[in-house]
Amino acid sequence: MSYLWFSVLVVIWSLSFLFMKKAAQAFGAIEIGGWRVLGGAVALGLAWHLAGRRWPARVRHFWPLLLVALVGDVFPYAAQPYLIKRHGSGFIGLTVGFVPLLTILVSIPMLRVFPKRQQGWGVLGGLGFMALIYYD
């Protein structure tokens, strides 16, 4: 079942770049980014609620969470539609594929965490398939 959910998430993530390209024709990058964050928050809240979990946050957590959401979520989510409008959804979508590689490269010197063999092969395999897509 986890492979099915993973496949659904891959399709949704992939289609989001195409949708951002279409939305950028009518909306600004910040507006698209804000709606993406809000949509993600609603989906996550719904999943959390359906799982029967209780959120332990208090009212005092609101302002720090809002700051993190604005700086950590809205800015990157607004940068993606802006870059997609300028450079195309395919190219920007492919650059996201470098996140696992960069995570590994940064985690080694900063955290002294080395990837496991399976993780290394997964990243290299992903980069190989990405190269095939980019070559086409």
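You'll find the structure just up there.
Residues numbered from 1 in each chain as written. Predicted model: local features only at pLDDT ≥ 70, side-chain atom pairs only at ≥ 80, totals over all residues. Heavy atoms only, no water.

Participant: I tried to follow the overall build of the chain on my own but got confused; where do I start?
Facilitator: Counting secondary structure elements, the chain contains 6 helices and 0 strands. Ordered by position from N to C terminus, the α and β elements of the chain give α-α-α-α-α-α. Seen along its three principal axes, the alpha-carbon backbone of the chain occupies a region of about 45 × 40 × 35 Å. When each of the 136 residues of the chain is scored for burial, the buried share is 17%. Of all intrachain contacts in the chain linking residues separated by at least 6 positions in sequence, the fraction that spans at least 24 positions is 67%. Summing over all exposed atoms, the chain offers an accessible surface of approximately 11200 Å²; the carbon and sulfur share of this is 73%. (Helix = DSSP H or I, 4+ residues; strand = E, 2+ residues; numbered from the N terminus. Buried < 20%, exposed > 50% of the residue type's maximum accessible area, 1.4 Å probe, protein only. Contact = heavy atoms within 4.5 Å. Areas by Shrake-Rupley, 256 points an atom, 1.4 Å probe, with all protein chains shown as cover.)

Participant: Even after reading the chapter, I still don't get the packing of aromatic side chains, so can you show me in this structure?
Facilitator: Ring pairs (aromatic) are described by centroid distance and by the angle formed between their planes. The full count for this structure, using the stated rule, is 1 aromatic pair. Summarising the aromatic geometry, the rings of F62 and W63 are spaced 5.0 Å apart at their centres and angled 75° between planes, so their arrangement reads as edge-to-face. (Phe/Tyr/Trp six-rings, centres within 6.5 Å; stacked < 30°, edge-to-face > 60°.)

Participant: Help me understand unusual backbone geometry in this model?
Facilitator: Excluding glycine, residues mostly have negative phi values, and the peptide bonds linking residues are mostly trans. The backbone phi angle of R112 is positive, close to 55°, even though this residue is not glycine. Secondary-structure assignment places R112 in the loop between helix 5 (99–111) and helix 6 (117–135).

Participant: Help me understand the side chain of R36 in this model?
Facilitator: Along the polypeptide, R36 turns up in helix 2 (residues 29–50). Take R36: its relative accessible area is 19%, and that puts it in the buried class. Polar contacts involving the side chain of R36 include one to the side chain of Q80, which spans 2.7 Å. Leave out the neighbours within four places in its chain, and R36 touches S16, M20, Y77 and Q80. (Polar contact = N/O pair within 3.5 Å; in protein donor to acceptor, adjacent residues only side chain to side chain.)

Participant: Sorry if this is basic, but what is going on with the packing of helix 1 (residues 2–23) against helix 3 (residues 62–87) here?
Facilitator: The description of two packed helices rests on the angle between their axes and on the distance between the axes. One way to put it is that helix 1 packs onto helix 3 with a least axis distance of 9 Å and a crossing angle of 70°. By the angle class used here, helix 1 and helix 3 are roughly perpendicular. Taken together, the residues of helix 3 that come into contact with helix 1 (itself represented by F17, M20 and K21) are Q80, P81 and I84. (Axes fitted to C-alpha atoms, helices over the stretch in contact; angles between N-to-C directions. Parallel < 35°, antiparallel > 145°, perpendicular 65-115°, else oblique.)

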